[in-house]
Amino acid sequence: MALEEFWRNVRRAARLIRPPNVVADSPRISVDEITERLGTDDLWITRGAVAGYVEADFAFLSPEERDRLTKAVAQFLIVANGLDPRQKVTSAQFAQALHPYVQIVEMLAFDRYGDAEAFRIGKVVEQKLAANWSPYLDHLRFRTGLDSTDDPALWVWVFVTETGEYDDATFLARADVIEDVLRPVAWSVAPEGRVYLHFRTTSDLLDTQGVPA
Amino acid sequence: MSLATDLLDQADQLAKQGPKHPKQANLRRAVSAAYYALFHLLAEAAARQFAAQCGRSDGVTVSRITRSFAHAEMKKVSDKFVNSELPTALQPSTIDEYQVPNDLILVAVAFGALYQARQDADYDTGKPLTRPEALKQIEKAKQAFAAWERVKVTDDARMYLACFSLWDKWNIKR
């Protein structure tokens with residue numbers, strides 16, 4: 001629950017609330033965009049923006065990633081806890097809060113993980129795949145939820161690269177290579193082994209950059 | 001040509017129309033046709049199996065039995081077989097675990113995936129369907145057809161087909 005709470009609070013504070021089913025089409029979120037979304041007001045600089053963070057809930061992250069997240073949360077809290085509610089936030093305080101908070105949002109990657117459980121499962125899948133990461137695999141996106149028969153399931157969108165000679169047959173061959181490695185890994189961590197893989201190309205993502213969330 | 005193979009061909013044709021700017025309607029109908037191709041392949045095989053038990057193999061009987069299969073029930077059975085789960089009445093009495101043959105797993109995985117893909121294609125219009133996505137779903141159906149051809153004569157395949165109708169009856173609480 002704490003993981004979900006933290007996930008929700010960061011997402012809300014960063015104004016990245018979108019319907020969960022657009023994860024496949026969400027444009028990539030850059031550091032610049034995160035900064036822009038946080039804007040010039042300071043309403044997000046509160047303890048509540050990172051409430052629910054418990055390091056032990058992130059045991060699935062690599063030690064380096066977990067350490068980076070914990071440090072970013074701690075740095076942000078130093079600023080948030082030091083604010084005087086009767087005073088305006090200074091530009092120095094704003095800058096001190098912005099840097100770790102952008103780091104947190106960047107690490108949670110809301111454009112690639114549709115929900116907190118998808119973040120946990122996705123990180124595990126990516127770690128297990130790391131040693132066999134196909135050169136044709138650009139990136140993965142994850143979402144969890146109930147499928148059309150109300151069974152818990154995991155959706156994975158697989159973005160296939162289009163480098164070199166490329167046609168439909170190449171796409172299908174590359175997708176097969178990726179699926180052979182990905183399916184058993186995703187199956188082992190998906191709820192009740194129910195996993196739906198969708199294969200797209202990197203240009204599909206570019207084509208949908210303008211789709212409103 | 002059977003209805004199942006005709007539907008698979010239709011899926012292919014629809015997905016390849018206007019390759020540069022495919023219409024959503026064509027892509028969605030393509031995915032839907034790929035699902036129905038596999039559905040009819042399996043439902044007709046299951047119907048023929050039941051009809052043969054009754055000493056009937058005429059088209060009318062097979063067609064009537066085919067209509068009795070529920071899509072969601074077939075998806076549920078497929079999910080179970082993917083996890084090598086059998087209804088309690090069919091579980092082996094030894095401590096050896098039952099292992100579904102790989103080709104049958106491929107068919108069951110494809111059925112579950114195409115069932116969901118068809119639901120998304122037909123009803124979730126808010127999510128654009130891409131051409132590569134549709135091509136991959138059709139490829140999945142083709143691979144399932146090939147796997148079914150290899151596995152259909154096995155007892156495991158017959159049990160899978162029978163479970164479409166009998167799972168609940170066979171899954172008695174002990």
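Further up the page is the structure itself.
A. Main features of the interface of chain B and chain A. Taken together, the 18 residues of chain B in the interface contact 21 residues of chain A. Among the elements of the structure, helix 4 (71–82), helix 5 (102–123) and helix 6 (131–151) of chain B are those that each provide at least two residues to the side of chain B that touches chain A. Here the residues of the side of chain B that touches chain A are counted per class, giving six nonpolar, five polar and seven charged.

B. Summary view of the nonpolar core. Counting residues in hydrophobic clusters, the biggest one holds 106 residues, and the most contacted among them are Ala11(B), Ala34(B), Ala37(B) and Leu38(B). The element best represented in this core is helix 2 (residues 24–53) of chain B, accounting for 16 residues. Both domains that meet at this core, namely domain 1 (2–108) and domain 2 (116–207) of chain A, each give it at least three residues. When sequence neighbours within four positions are dropped, the list of residues in contact with Leu38(B) reads Ala110(B), Phe111(B), Leu114(B), Ala141(B) and Ala144(B).

C. Looking closely at unusual backbone geometry. Residue and element names in this part refer to chain A. One non-glycine residue, Ala-109, adopts positive backbone phi at about 45°. By the secondary structure assignment, Ala-109 is in the loop between helix 4 (91–108) and helix 5 (116–129). Positive phi, normally seen in glycine, also occurs at Asp-150, with a value near 65°. By secondary structure assignment, the location of Asp-150 is in the loop between strand 1 (137–146) and strand 2 (152–160). Looking at Asp-150, the number of C-beta atoms within 10 Å reads 8, which means it is exposed.

Rules behind the numbers
Residues numbered from 1 in each chain as written. Chains lettered and ligands numbered in written order. Predicted model: local features only at pLDDT ≥ 70, side-chain atom pairs only at ≥ 80, totals over all residues. Contact = placed C-beta atoms within 7 Å. Helix = DSSP H or I, 4+ residues; strand = E, 2+ residues; numbered from the N terminus. Nonpolar A, V, L, I, M, F, W, Y, C, P; charged D, E, K, R; others polar. Core = buried A, V, L, I, M, F, W, Y, C linked by C-beta atoms within 7 Å. Buried ≥ 20, exposed ≤ 12 C-beta atoms within 10 Å, placed from the backbone. Domains from an automatic or database assignment.

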